[in-house]
Amino acid sequence: MITLQPDIAFKKELEKLSGASLSTCMQCGTCSVVCNLSPDEQPFPRKEMVYAGWGMKDKLLASPDVWLCHQCGDCSLHCPRAVNPADVLAATRELIYTSYARPSFMGKLLSKPGWLPVAILLPTVIIALIIYLAGTLSIPEGPVNYSHFFPHGWLNGSFTLITVLSYAIAGIGMARFWKDLRLQDGAKGMEKSFLASFWKVKNEILAHNRFNKCERNRSRKVSHFLVFYGFILLLLVTLYAIYAAITEKYPLSLTNPFKLLGNLSSIMLFTGLGMMVYNRLAKKEGTVRSTYRDWLFLGSLFLLTLSGVIIETARFMDWQWAYYLYFFHLVCVWFVVIYLPYTKFGHIIYRTMSMTYAISVNRK
Ligand code: SF4
Ligand code: SF4
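All residue numbers here refer to positions counted from 1 along the written sequence of the relevant chain. Starting at A for chains and at 1 for ligands, labels are handed out in the order in which the entities are written. Where local features are concerned, this predicted model is filtered to residues with pLDDT of at least 70; where side-chain atom pairs are given and counted, the filter is 80 or more; whole-chain, interface and lining totals use all residues. Each side-chain value is derived from all of the structure's non-hydrogen atoms; neither hydrogens nor water enter the calculation.

1. So, the overall build of the protein
Cut-off, in case you're wondering: Numbered from the N terminus, helices here are DSSP runs of H or I no shorter than four residues, and strands are runs of E no shorter than two. Using C-alpha atoms as the atom set, the radius of gyration is obtained and then compared with a globule rule of 2.2 Å times the number of residues to the power 0.38. Every residue pair with non-hydrogen atoms within 4.5 Å of one another is taken to be in contact. Surface exposure here means Shrake-Rupley accessible area, sampled with a 1.4 Å probe, where a residue is shielded only by the protein chains that are shown. Only four residue types enter the charge count, namely Lys and Arg as positive and Asp and Glu as negative; His and the chain termini do not. We put the charge of a Lys on NZ, of an Arg on CZ, of an Asp on CG and of a Glu on CD.
A tally of regular secondary structure across the protein gives 17 helices and zero strands. For 364 residues, the compact-globule estimate of 2.2 N^0.38 gives 21 Å, and the C-alpha radius of gyration of the protein, at 22 Å, lies within 12% of that figure. Considering only C-alpha atoms, the protein reaches an extent of 75 × 40 × 35 Å along its principal axes. Taking all contacts inside the protein whose residues are at least 6 apart in sequence as the whole, residues at least 24 apart take part in 73%. Carbon together with sulfur atoms contributes 66% to the accessible area of the protein, which is approximately 18100 Å² in total. Taking the average location of the 37 positive side-chain charges in the protein and that of its 22 negative ones, the two points are 2 Å from each other.

Next comes the structure, spelled out in structure tokens:
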């Protein structure tokens, strides 16, 4: 016999975040039928709607299917009671970022606009402190050279260290998430190893082929593709820039192939992000409700790309404001890269883990 212990506070929080009235769901199962990503065995999202309606927090937060959903909105479009299951799953993912964040205050810090000043102040103070310790906390004279303001050794060393620390601590929450996936699923034995499963998932992620199955919002594949590969390209260019700084080949000329690739990545990111913002603002049928986390992620990635383009221009044009813009750019880097496990960007980790788990237990 199973004893249910509904968590009413959790249910109310989910209703507030999703805008859904969970008790109006009549468990018809239409949402599971219309979802092209839902498997035949243990389909979703109907069972997640049961968990949500009953306030079964542990079950819902550790359901891998919450992340197998790719937010196309088909289910919401066909729901006869207008409960919007796609919004409920999206809200559940939001609560997962907060629940599994380690240290836990990081999850809260990036969940509400009221905390934004603190989220901005934290990197601002730390970056200023590092530059102060490097002994260069003043605007340098002469032609713009960012390494005179923030020496490359200090920049690369401190940002790498803080990123590794942030991800290592966040990894504690991720490990707990993996443990809960198994626990709530009946602690099934893994039929495939983690690595073998991950290897299979990697192909799906690289091809983004799950988006093909969505009936509505097909353009989401293109926008995700552009942002995903634009960001990877940007990372590669950044790694090369670090190498160039170490080998004293920095700054790069305008015609350097890596500089051109950097510009290409900016175009891809601007286009992909523009499509995402348009899709959200246009409120097309089946579009999933947008939340603060959605806008924070899109906004910080957009500002990172824009400020990157501006500081390059500022360097070539020798603008007086270049160093202030550079500082702003570094805060944007912090928001996108160091905060990654706690923002919506963290979906690349949770989704990958859930897809890997599904394959490891041979879930079709
Ligand atoms: S969410 Fe809507 S479609 Fe899904 S089971 Fe409930 S009422 Fe039916
Ligand atoms: S939003 Fe799309 S992928 Fe997610 S459960 Fe609904 S139909 Fe399935």
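2. A short note on the site of ligand 1
Put simply, the test is: One heavy atom within 4 Å of a molecule or strand is enough for the residue carrying it to be called near that molecule or strand. A cavity, in this analysis, means grid points on a 1 Å lattice covering only the protein atoms where a 1.4 Å probe fits yet has no way out; a pocket is instead an open set bounded by protein on both sides within 12 Å along at least five of seven lines, and a residue lines either one if it has an atom within 4 Å of a point. In this scheme, a molecule is assigned to a cavity or pocket if more than half of its atoms are within 2 Å of the grid points. Lys, Arg, Asp and Glu make up the charged group, whereas Ala, Val, Leu, Ile, Met, Phe, Trp, Tyr, Cys and Pro make up the nonpolar group; the residues left over, Gly among them, are polar.
Near ligand 1 you find C25, M26, Q27, C28, G29, T30, C31, M49, C79, P80, R81 and P85, and these make up its full shell. According to the grid-proximity analysis, the pocket containing ligand 1 is the second largest cavity. Taken together, the residues of the shell around ligand 1 sort by class into eight nonpolar, three polar and one charged.

3. Some words on the nonpolar core
Applicable threshold: Put simply, buried Ala, Val, Leu, Ile, Met, Phe, Trp, Tyr and Cys residues joined by side-chain atoms within 4.5 Å make one nonpolar core. Partly exposed residues are those whose accessible area sits between 20% and 50% of the maximum for their type, while under 20% is buried and over 50% is exposed, using a 1.4 Å probe and protein chains only.
I127, F150, F159 and L301 are the most contacted members of the largest nonpolar core, which totals 44 residues. Those residues within four positions of F150 in sequence are excluded, and the remaining contacts are I127, I130, I131, T136, L155, S158, F159, Y326 and L330. Listed in part, the 39 residues of the second largest apolar core include F10, C35, L95 and I96.

4. Remarks on the side chain of K11
Selection criterion: A pair is scored as a salt bridge if a Lys or Arg side-chain nitrogen falls within 4 Å of a carboxyl oxygen belonging to Asp or Glu.
With respect to the helices and strands, the residue K11 is situated in helix α1 (residues 8-18). An unpaired buried charge is present at K11: no salt bridge exists, and E15, the closest side chain of opposite charge, is 4.9 Å distant. Apart from the residues within four sequence positions on either side, K11 is in contact with L22, S23, A52, G53 and G55.

5. Some words on helix α3 (residues 46-53)
Every buried residue of α3 is listed here: K47, E48, M49, Y51 and A52. Its buried side turned inward, α3 meets α1, α4 (57-61), α5 (65-68) and α7 (85-100). Looking one or two places after α3, you find G55, whose phi comes out positive at around 65°.

6. Section: the pattern of salt bridges
Side-chain pairs of opposite charge can arise whenever the charged atoms involved come near each other. Within the structure shown, the criterion is met by ten salt bridges. The salt bridge partner of D65 is R363, with a shortest N-O separation of 2.6 Å. With D65 in helix α5 and R363 in the segment after α17 (347-360), this pair connects stretches of sequence that are 298 residues apart. Summarising the burial analysis for this pair, D65 and R363 share the class buried. The closest approach of N and O atoms between K344 and D294, which form a salt bridge, is 2.9 Å. On the criterion of sequence distance, the pair formed by K344 in the loop between α16 (322-338) and α17 and D294 in helix α15 (residues 292-317) is long-range, its members being 50 residues apart. Under the relative-accessibility criterion, K344 is labelled buried at 16%. Salt bridges sharing common partners tie together K47, E48, D65 and R363.

Any functional reading would require information beyond the geometric quantities listed.
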